[in-house]
Structures are given as C-alpha cells and as structure tokens.
Amino acid sequence: MPTHQGFDYDVVVVGSGAGGGMAAHRLTEQGIRVLMLEAGRDYDPLTETPMFHTNDQAPLRGTGTPDKNFGFYDATVDGGWQVPGEPYTTGTDSEFLWWRSRMLGGRTNHWGRFSLRFSPHDFKAASRDGLGADWPMTYEDLAPWYDRTERLIGVCGNNPGVDDVPDSSPGVLQPPPVPRVPELMIGAAARKLGITAVPMRRAVLTKPLDDRQACFWATACGRGCSIGAAFQTTTSLLPMARATGHLRIVTDAMVSGVAVNGDGRATGVTFVDRRTGERQHVEARAVVLAASACESARILLNSRSEAFPRGVANGSGQVGRNLMDSTGATFVGHVPALEGRPRYNEDGHTSNHWFLPWWGHEAQARGELDFPRGYHFELGGGFGAPGMGIGAMAEGYGLALKEAVRRRYGAFVGLSLRGEMVASDRCFMEIDPQVKDRWGIPVPRFHWKWSEHEIRQVAHGHRTARAIIETLGGEMMEPDRAPEDAIKKGGEIIHEVGTTRMGTDRHSSVTDEWGQTWEVPNLWIMDGGVFASNPHKNCTLTLMTLAMRNADRLGLALSRGRL
Amino acid sequence: MTARKDGISRRESFRRAGLLGLGTGLPFSFTAAAETAPWNLASLEPVQAPGYGTDPDLVHPSPIPWPRTLTDPELETLSALADILIPEEGERPAASGVGVVDVIDEWISAPYPTQQQHRSLLLAGFDWCDREAARQSGVPFAEAGDRIRLQIVDAIAYPDRPGPAELEGPRRFFDVLRSLVAGAYYTSPEGVRELGYQGNVPITGDYPGPSDEAMAHLKARLEALGLTLD
Ligand SMILES: Cc1cc2nc3c(=O)[nH]c(=O)nc-3n(C[C@H](O)[C@H](O)[C@H](O)COP(=O)(O)OP(=O)(O)OC[C@H]3O[C@@H](n4cnc5c(N)ncnc54)[C@H](O)[C@@H]3O)c2cc1C
Ligand code: SF4
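Given the structure is predicted, the values throughout are model-derived calculations rather than measurements.

## A few points about the overall build of chain B
Link 1 in the chain: For chain B, the count of helices and strands is 8 helices and 0 strands.
Link 2 in the chain: In sequence order, chain B lays out its α and β elements as α-α-α-α-α-α-α-α.
Link 3 in the chain: Here chain B holds 230 residues, and the buried ones make up 49% of them.
Link 4 in the chain: Partitioning the contacts of chain B with sequence separation of at least 6, the portion at a separation of at least 24 is 64%.
Link 5 in the chain: Summed over all atoms, the accessible surface of chain B reaches about 11000 Å², with 52% contributed by carbon and sulfur.

## Concerning the site of ligand 2
Link 1 in the chain: Around ligand 2, a shell composed of 13 residues is seen, among which Cys215, Ala218, Thr219, Cys221 and Cys225 of chain A lie nearest.
Link 2 in the chain: Classifying every residue of the shell around ligand 2 gives 9 nonpolar, 4 polar and no charged.

## Here's the deal with the interface of chain A and chain B
Put simply, an interface is often sized by how much accessible area is lost when its parts join up.
Link 1 in the chain: Contact residues are listed per partner, giving 92 residues for chain A and 86 residues for chain B.
Link 2 in the chain: The junction of chain A with chain B conceals about 7500 Å² of combined surface from both sides, 62% of it contributed by carbon and sulfur atoms.
Link 3 in the chain: Of all residues in chain A, Leu60, Glu395 and Tyr397 of chain A give up the largest surface area on contact with chain B, accounting jointly for 12% of the area buried on that side.
Link 4 in the chain: Inspection of the region where chain A meets chain B yields 6 salt bridges.
Link 5 in the chain: The shortest N-O distance in the salt bridge between Asp55 of chain B and Arg41 of chain A comes to 2.7 Å.
Link 6 in the chain: Applying the counting criterion to the chain A and chain B interface returns 29 residue pairs in polar contact (both at pLDDT 80 or more).
Link 7 in the chain: Where the side of chain A that touches chain B is concerned, the elements lending two or more residues are helix 2 (45-48), helix 5 (181-192), helix 9 (398-408) and helix 10 (452-471) of chain A.
Link 8 in the chain: If one sorts the elements of the side of chain A that touches chain B by residue count, helix 9 of chain A sits on top with 11 residues.

## Notes on the sheet that holds strand 9 (residues 266-273) of chain A
All names here are of chain A.
Link 1 in the chain: Reading across from one edge, 8-9-10 is the order of the 3 strands in this open sheet, with antiparallel pairing throughout. Each of the sheet's edge strands pairs with one partner strand only, and the pair in question is strand 8 (253-260) and strand 10 (279-283). Neighbour to neighbour, the strand axes of the sheet diverge by 25 degrees on average, direction disregarded.
Link 2 in the chain: Alignment of strand 8 against strand 9, held across 7 bridges, turns out to be antiparallel. From the neighbouring strand, Val258 faces strand 9, where its bridge partner is Val269.

## Some details on the packing of aromatic side chains
Link 1 in the chain: Applying the stated criterion to the full structure yields 37 aromatic pairs over all chains.
Link 2 in the chain: Judged by centre distance (5.7 Å) and plane angle (45 degrees), the rings of Trp217 of chain A and Tyr207 of chain B are tilted. Pair noted here: Trp217 of chain A is in the loop between strand 6 (198-199) and helix 6 (237-243) and Tyr207 of chain B is in the loop between helix 7 (189-195) and helix 8 (212-224), and the two residues belong to different chains. Both residues of the pair, Trp217 of chain A and Tyr207 of chain B, belong to the buried class.
Link 3 in the chain: Here the aromatic cluster, defined as three or more aromatic residues joined through ring pairs, consists of Tyr88, Phe96, Trp98, Phe446, Trp448 and Trp450 of chain A.
Link 4 in the chain: In this structure, Arg321 of chain A packs its charged tip against the face of Phe428 of chain A, placed 4.1 Å from the ring centre.
Link 5 in the chain: The ring of Tyr158 of chain B carries the charged tip of Arg161 of chain B above its face, separated from the ring centre by 3.9 Å.

## Side note on the packing of helix 1 (residues 18-29) of chain A against helix 12 (residues 540-559) of chain A
All names here are of chain A.
Link 1 in the chain: One way to put it is that helix 1 packs onto helix 12 with a least axis distance of 8 Å and a crossing angle of 35 degrees. By crossing handedness, the relation of helix 1 to helix 12 is classed as right-handed. Residues Ala18, Gly19, Met22, Ala23, Arg26 and Leu27 of helix 1 form the contact with helix 12, whose own contacting residues are Thr540, Leu543, Met544, Ala547, Met548, Ala551, Asp552, Leu554 and Gly555.
Link 2 in the chain: In the contact of helix 1 with helix 12, the residues fall into 10 nonpolar, 3 polar and 2 charged.

## Brief notes about the pairing of strand 8 of chain A
Link 1 in the chain: By the criterion of burial, strand 8 of chain A is predominantly enclosed, with 6 of the 8 residues buried.
Link 2 in the chain: Hairpin connection from strand 8 of chain A to strand 9 of chain A: 5 residues lie between these consecutive antiparallel strands, with Gly264 of chain A at a positive phi of about 75 degrees.

## Describing the pattern of salt bridges
Residues and elements named next belong to chain A.
Link 1 in the chain: Per the stated rule, a full pass over the model turns up 45 salt bridges over all chains.
Link 2 in the chain: For Arg107, the salt bridge is made with Glu496, and the minimal N-O distance between the two is 2.8 Å. Here Arg107, found in the loop between strand 5 (89-90) and helix 3 (125-129), pairs with Glu496, found in the loop between helix 11 (483-486) and strand 19 (523-525); they are 389 residues apart in sequence, far enough to count as distant.
Link 3 in the chain: Classification of Arg107 as partly exposed rests on a relative accessible area of 24%.
Link 4 in the chain: Since its relative accessible area comes to 6%, Glu496 is described here as buried.
Link 5 in the chain: In the salt-bridge network here, residues are joined through shared partners; they are Glu86, Arg102, Asp252, Asp273, Arg274 and Arg275.

## Quick notes on the site of ligand 1
Residues and elements named next belong to chain A.
Link 1 in the chain: Around ligand 1, a shell composed of 37 residues is seen, among which Glu38, Arg107, Gly112, Glu295 and Thr540 lie nearest.
Link 2 in the chain: Residue Gly19 places a main-chain N or O atom 2.9 Å away from an oxygen atom belonging to ligand 1.
Link 3 in the chain: The contact in question runs from a nitrogen atom of ligand 1 to an N or O atom on the side chain of Thr540, over 2.7 Å.
Link 4 in the chain: For ligand 1, whose accessible area on its own is 990 Å², the fraction buried by protein is 94%.
Link 5 in the chain: Among the secondary structure elements, those contributing two or more residues to the shell around ligand 1 are helix 1, strand 8, helix 7 (293-302) and helix 12.
Link 6 in the chain: Top contributing element to the shell around ligand 1 by residue count: strand 8, with 3 residues.
Link 7 in the chain: In terms of residue class, the shell around ligand 1 is built from 18 nonpolar, 13 polar and 6 charged.

## Details of the environment of Ala189 of chain A
Link 1 in the chain: Relative to the helices and strands, Ala189 of chain A is located in helix 5.
Link 2 in the chain: On the basis of relative accessibility, which here comes to 0%, the residue Ala189 of chain A falls in the buried class.
Link 3 in the chain: A sequence separation of 143 residues divides Ala189 of chain A from Leu46 of chain A, and the C-alpha atoms of the two residues are 41 Å apart.
Link 4 in the chain: Once residues lying within four places of it in the same chain are set aside, the contact partners of Ala189 of chain A are Ile468, Thr471 and Leu472 of chain A together with Leu227 of chain B.

## Remarks on unusual backbone geometry
Link 1 in the chain: Its identity is not glycine, yet Asp78 of chain A carries a phi of approximately 45 degrees, on the positive side.
Link 2 in the chain: Its location among the elements puts Asp78 of chain A in the loop between helix 2 and strand 5.

## Details of the confidence of the model for chain B
Residues and elements named next belong to chain B.
Link 1 in the chain: With 85% of its residues at a pLDDT of 70 or more, chain B shows a mean pLDDT of 87.
Link 2 in the chain: Scored below 50 in pLDDT, residues 1-34 makes 70 contacts in the model with residues more than four places away or belonging to other chains.
Link 3 in the chain: For this predicted complex, the interface score ipTM comes out at 0.95, while the overall pTM is 0.95.

## Quick look at the pairing of strand 14 (residues 375-381) of chain A
Residues and elements named next belong to chain A.
Link 1 in the chain: A large share of strand 14 lies buried, amounting to 5 of its 7 residues.
Link 2 in the chain: Pairing of strand 13 (residues 354-356) with strand 14 involves 2 bridges; the strand directions are antiparallel. Bridge pairing links Phe355 to Glu378 in strand 14.
Link 3 in the chain: Judged from the 7 bridges that link them, strand 14 and strand 15 (residues 412-420) form a sheet pairing that is antiparallel.

## Examining helix 4 (residues 139-153) of chain A
Residue and element names in this part refer to chain A.
Link 1 in the chain: The end-to-end C-alpha distance of helix 4 is 20 Å, a good match for the 21 Å that 15 residues give at a rise of 1.5 Å each.
Link 2 in the chain: Maximum bend of helix 4: about 25 degrees, positioned at Trp145.
Link 3 in the chain: Among the residues of helix 4, those classed as buried are Tyr139, Leu142, Ala143, Trp145, Tyr146, Asp147, Thr149, Glu150, Leu152 and Ile153.
Link 4 in the chain: The inward-facing, buried residues of helix 4 contact helix 1, helix 6 and helix 12.
Link 5 in the chain: Among the residues trailing helix 4, Gly154 stands out with phi positive, at a value near 85 degrees.

## Focus on the side chain of Glu420 of chain A
All names here are of chain A.
Link 1 in the chain: Note that Glu420 resides in strand 15.
Link 2 in the chain: Side-chain polar atoms of Glu420 contact the side chain of Arg373, separated by 2.6 Å.
Link 3 in the chain: Apart from residues no more than four positions distant in its own chain, Glu420 is found in contact with Asp122, Thr327, Arg373, Gly374, Gln457, Ser533, Asn534, Pro535 and His536.

About the criteria used
- Residues numbered from 1 in each chain as written.
- Chains lettered and ligands numbered in written order.
- Predicted model: local features only at pLDDT ≥ 70, side-chain atom pairs only at ≥ 80, totals over all residues.
- Heavy atoms only, no water.
- Helix = DSSP H or I, 4+ residues; strand = E, 2+ residues; numbered from the N terminus.
- Buried < 20%, exposed > 50% of the residue type's maximum accessible area, 1.4 Å probe, protein only.
- Contact = heavy atoms within 4.5 Å.
- Areas by Shrake-Rupley, 256 points an atom, 1.4 Å probe, with all protein chains shown as cover.
- Near = heavy atom within 4 Å.
- Nonpolar A, V, L, I, M, F, W, Y, C, P; charged D, E, K, R; others polar.
- Buried area = accessible area lost by both parts, 1.4 Å probe.
- Salt bridge = Lys/Arg side-chain N within 4 Å of Asp/Glu carboxyl O.
- Polar contact = N/O pair within 3.5 Å; in protein donor to acceptor, adjacent residues only side chain to side chain.
- Pairing = 2+ DSSP bridges.
- Axes fitted to C-alpha atoms, helices over the stretch in contact; angles between N-to-C directions.
- Phe/Tyr/Trp six-rings, centres within 6.5 Å; stacked < 30°, edge-to-face > 60°.
- Lys NZ or Arg CZ within 6 Å of the ring centre and 35° of its normal.
- Left-handed = near helix turned anticlockwise from the far one by under 90°.
- pLDDT = per-residue confidence, 0-100.
- Expected span 1.5 Å × (residues − 1).
- Bend = angle between axes of the 7 residues up to and from the residue.

As structure tokens, then:
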C-alpha cells in the first residue's frame, strides 16, 4: 500500500471542491483510504467567515477590487479571475475568464448553491437537434443518485410539476422558504405571459442536518457559512470523510502531472509544495482528478511522455475540446410599483427564493424558436444590505436626492439569464507553448467564440425580460442593448465543463459514463470535465451526483481487487 | 446611452419621470452663462501603495494599508460638496457627520484602477469648483456663500438635461461624486437605518416572509396593474 508521511492509502484524489469532496466522502465511506492533494491553503469556515460584518467595517465599503473581485467579504482566497503567479492565456480574438480559488473546499466555499437537476430531455439533446453529443446514460440512471446527493448535501425546494424541474423522491428535499415581494411581483407578470415561477432549489438547509444548522436567514452565502447551512465541502463532506479515519489532506499541494507506466496504468502523481516550491511524487493504486474541468484537462495535457505524446488519456484528442460554459446576461428594470413599499426583513436566504424555469420546450419542438436549447431566469431585487452603488442612477442633490434614493430602494428588479450553449469547435483549451506559472507548469490557453445559437437565445431572453418588466409598468435599463453585447464572456458564468467528456467509445470521448478514462483504467475524472453537454441548470449538483455514483463504482472495483 | 426618436435618451426619460418637479433651485441657470472656469483633467502619477492583497483577514480586517492622499483644502471642498449632496435632515446628520469625507479619501487613495480613475476625476472637479467659485466670488468653494455654491452645483447636478459642452467634465465629476457620497452615506449605520434595511439579524425557525402591510401594498399594486397573485 502506498504511504505518505506515515499515512497508508489506496487512492490519490486531486482537489477538495465539489467533485473531490464527494469522491473522498464516498470512497472513505466504503473503507477506501484516500490521500487528497489540494493546491490551496487550509481553510476553516468556522473561524474565517465574516458572518454579520457590515459594509462599513470593510475597506472601500466592501466593494470588489482586483484583489477581491466579488467584494471584500467574498470567501475566495488567492483567486478570482486571476490567481497571483498562475496566469492563463487566450487565443487571438478570444475572450475567456477562468475563476479559481486556492483554498480547501475550492469554489464550494462561495458558490451560489443553485442546485437544479437536469431533465430527461437534457441527456438526449443531440438526438433531438443534431448538435453536440448525447450523454451515454439516461435521466433514469441518475435519478436515484440525484436523490442521494440531494439528501446528503441538503437541498431546499419543491416538486412544482414543471417539465424543466424533475421531481425528487418524496422526503428528499427540504422545505423552500416563502417568496418575497419582488419575486411575487415578477411571478405575477410572468404568469400573464404564460411563464411559471417556482421555488429555486438551493443547497441550503432549512432544517438541521447532521451537525449542520438550518439557515438563520441572514448573511450572504458567498462569504461562506460558518453554521454549515449553505453547503460547502469544508463543513460537510470533508469533515465526514476525515471522521472515518481514512482521509489525509495535504494542502498547498499543486499537482502538475500524472505518472503512467509502460502497462498504461497510473502509478501516482507529481505535485509542487507551494510553500517550499519543492517537487514531490506520491504513488497510488488509483488516481481521481477533480481539480475542476480546465485544471484536470491541463494536468492530463501536461502529462506528456513518449507513450502518451498528446498527454495522458488523450488518444481521442478530445482532452481540452468541447469546453462549455453557461450563457449569461442580466436584464435590469426599474419598477415604480415597487417604490416606497413597506419595509420588512427581505434577506431570506440572501439569494433566489423563486426562479423562472425554461418554459419553451413545446414551442421549440414545434419549430417556433430560432435557437436550439433552453435557459432559465434567476431573479434579483429587494431590500438588500446597501452597497456603494445605491446612488448610481440618481440625479440632483440635497433632500430631493435623499428622497429619491429612499423611494427607489428595493424598486429595481434583475432577471439573470442562464442558458445552454452548444459545444463548438471554436471553444476549447490547449496548453500554451510558452507561458508557465510560477511553479514552472505550462498554463492553459483558451479559445472562445459564441455562435448564432447563443446570440439568438440571449436576444429571446432580452425580449422576454423586457416584456416581464413592462407588464409590471416598469422600464428596462439599456432596452436596446444588442445581444452580442449583452451576452457575458465565455467562462464568466463559472460553469465550465466538457474538457474531458464522457461518451460511448474511446475515439470520440475521454471517459466512459463512469468517469473512468478509456486508456488508463485506474485514472478517473470526477469534475465537470466529463459533461457531454451543458444544460442550463447550473452544473454542480450533477457534477457531485456523478462523482458520488462514480466513486461508488471505483470503491467497489478497488475492494474487489478489480483495478 | 441610446437615443430615442424624439431625441430624449431612455435614461433621461426615466430620470425625468422620477425626479423632475422636486424643485432644487435653479437647474438651468448656468446653461446660458457664457464662460466658466476651464476643466483640467490632468493625468496624475498613479498611487504607489499596497492593496489589501488576495487573502486578507475578513473577520478582523486590518487598517487600510494605503495612506490617505487628500490635502486639507481638498478635504474642505469635498466636505462642502458632500453636505450639499446629503445635508442634515431633522435628526439625521449630514454626510460629513457620518465619516463620508474620510471614506472618499480612503476610496480615491486606493491603488486600484477604478479608484484611481475616480481620483483624477474628483481632484479635477474639486479644482474646478474652487476656480469657479473664485471666478464668481474671489474665494474657494468651501468659503463661498450658499448662493454661489448652489449656483455652481445646480449647473452640474443634472447630467441628462441639456448643458453646454464646456460643463461636460464638471457634470461627469458631479455624477461620480454623487454616487460616491450617496454610497458612503447609505452604507453608514445611520444611512442603513434611514433606508429602513431590516436584515442581517438571525431568525430562528422558518423565514417569515413579507409583513401583512407589505402584502397588502403588493396586492394593491398588482390590482392596479391588472395582475393577480394566483
Ligand atoms: C461565485 C460562484 C458562484 C457559483 N454559483 C453556482 C451555482 O449557484 N450553482 C452551480 O451549480 N455552480 C455554481 N458555481 C460553480 C461551482 O462552484 C463549480 O461548478 C464547482 O465548484 C466545481 O467543482 P470542482 O470540484 O470541479 O471544482 P472546485 O470546486 O473549484 O474545486 C477544485 C479544487 O481543486 C484544486 N486544484 C486546482 N488545481 C489543482 C492542482 N493542480 N492540484 C491540486 N489541486 C488543485 C482547487 O484549488 C480547488 O480547491 C459557482 C461558482 C462561483 C465561483
Ligand atoms: S443565508 Fe443562511 S445559508 Fe446563507 S450564509 Fe447565511 S445562514 Fe448560511
């Protein structure tokens, strides 16, 4: 059995975020011993989360800066759109943004916790419209695993009976919080247009679970949650895995490559100790990559050898290809009907209680839409904690200014589109032939171009959002903005997937449906890299569901001596 | 900004609907004035100071690592302008009474790109206000009388109303200053209280949702729009 600093283990798991956390949990639960390598520093939400801190206690009133892109209190450590000393590059005419953090638990410490299942039709979209690839499994294969994942991480929501929000089994979901005034208002306008608003599903506890407390309806989840109500691996899966005694975590361990022997088996990985800059090698019976889609692909592509000139597990040439994000655009409206309304505590769980799931399947099937896939709207607005932008749209000065700011507080609504893009030859990553990071590891180079499909989808979203806002008697800001301009950059929605996609054969895919690479049987991938397509329902719940199912299978194979 | 066929921008019509008629003195008094002080937007030496870094202590934030850079005369001009933007209102303090001047000094002294841009704009604006006050009355803005100060401010406080080209810079300055002063004021404990923000307190049990009063208001508004809750 391999050993590291006195700890015997079977499997090396790279990364401690959504995928790695779930893999470690499911493996250790089966008695498999795990050495986890995490590039970031150790991080403890219990002591490091600024729970009730107010903007006036922060530099620049908490406003985002190049050091802390999403605001001073956002949990992200040493990261954001840039990680110091660890650049990435983009090809000519390409814009792509890559959000990373360097901390235990990765991006689960500050993600939005939106947790929507994919629908049966999402797994077979290519069969429907001929674009991209189908998934090698069906919704029915995954449904029981969705149930298990939702129960384990804790998801609040309901079964609204809408085809874009498939039912969870009875008793799986925790109760959703009631909607607030702006959500009720948007819901009423949407219904008039034939669109149904339903509770958002979020990985936020509304009832206690294990030793995690229920949400107490205050403090933005992006800062992290010291009471464990908002799911992050650092307060759930990692402590649970540690409690088995089968997990050892090494932080500040930046993996640079996977070693594969002459028989095509992974023998271990190489990592750089970020504190000393020293390179180390650890052995393994099996290796799980869960460093996030683009980082795992980077590790594979950087693991070149004579036997694997294109990188490990890349016989298909698909590693780094099929890079997908969600489409995104935000439409804002000023709604006079919301002005001067009675104040109450509108924090709730500080994010969407309701959203608008995709309503257009039937119209699409009838050929009435000029774009192939769907989207949903996340809803914003309300009496949030005031920030520096609160006076941005005002004019004048004096008591009139004050009166206007007070009246308009809580009278703006936002509809954020999150949509499905189609995989394309123009969106991919490779290794930059020149640039290396501070550890000497070659960095990714991203190529990106939206297609007509995405632009038309955003145009449709724009018209819909405008109709909703105008139904409320409101006025849309920037009503004539072109969709090419309104669409966010590639990577900006931070749902990057597809770079090691799964499939039914080794020529067109990197792994099988279990995340097991076709070429190296004891090398498994358990992050969003394996997605065959990227339905608009934020990727992480599905990523964790796959990791649970696949770690279960890997554990079984190891305990039966099959690997 | 996109122009409509009738020549009024959407943002402007939006603003007019919300704010005209709230009578603030002499909004157009300057549009006819033939001369004003020149606008000098100098490019400044960038602030060379450390930021707070990519892993600051969030629970016990350290003191701001960059030094404040405004001079005493600049602080006086800023303070006078801030209190015109947010004056006292009954028991409620003016902007300078809740630390707004210091927040803006901290803001424009920060070594980040947005803040550095604001620094150039604000310094040029303070300078312009002082020279404009001196041109009209022989003393800097902070020492000028109320009538002169308000006359200057009225000429630059309404960005979407037509105005002379030479005031474009000062108007841009005032737009940013307003946004910063309002932001700093309404993020102070006094400002938060004034807005009636009631969150950031823990609640045990279920989230209670809108108050009865808030629901009654919502229903009345929906009815007026011909919409219903179910
Ligand atoms: C602000 C924000 C909001 C989001 N909101 C949502 C949402 O509401 N719903 C949703 O579904 N998704 C959301 N996401 C996306 C979600 O965070 C990711 O999909 C998810 O965390 C991906 O899981 P992962 O395990 O692949 O990567 P991560 O969670 O990023 O974990 C990867 C880990 O691997 C480590 N690592 C990287 N490289 C190496 C290396 N070479 N060696 C060792 N370790 C390495 C990283 O430091 C990190 O800890 C959001 C993301 C952000 C940033
Ligand atoms: S809103 Fe609830 S879940 Fe989110 S951080 Fe606060 S307590 Fe945790």
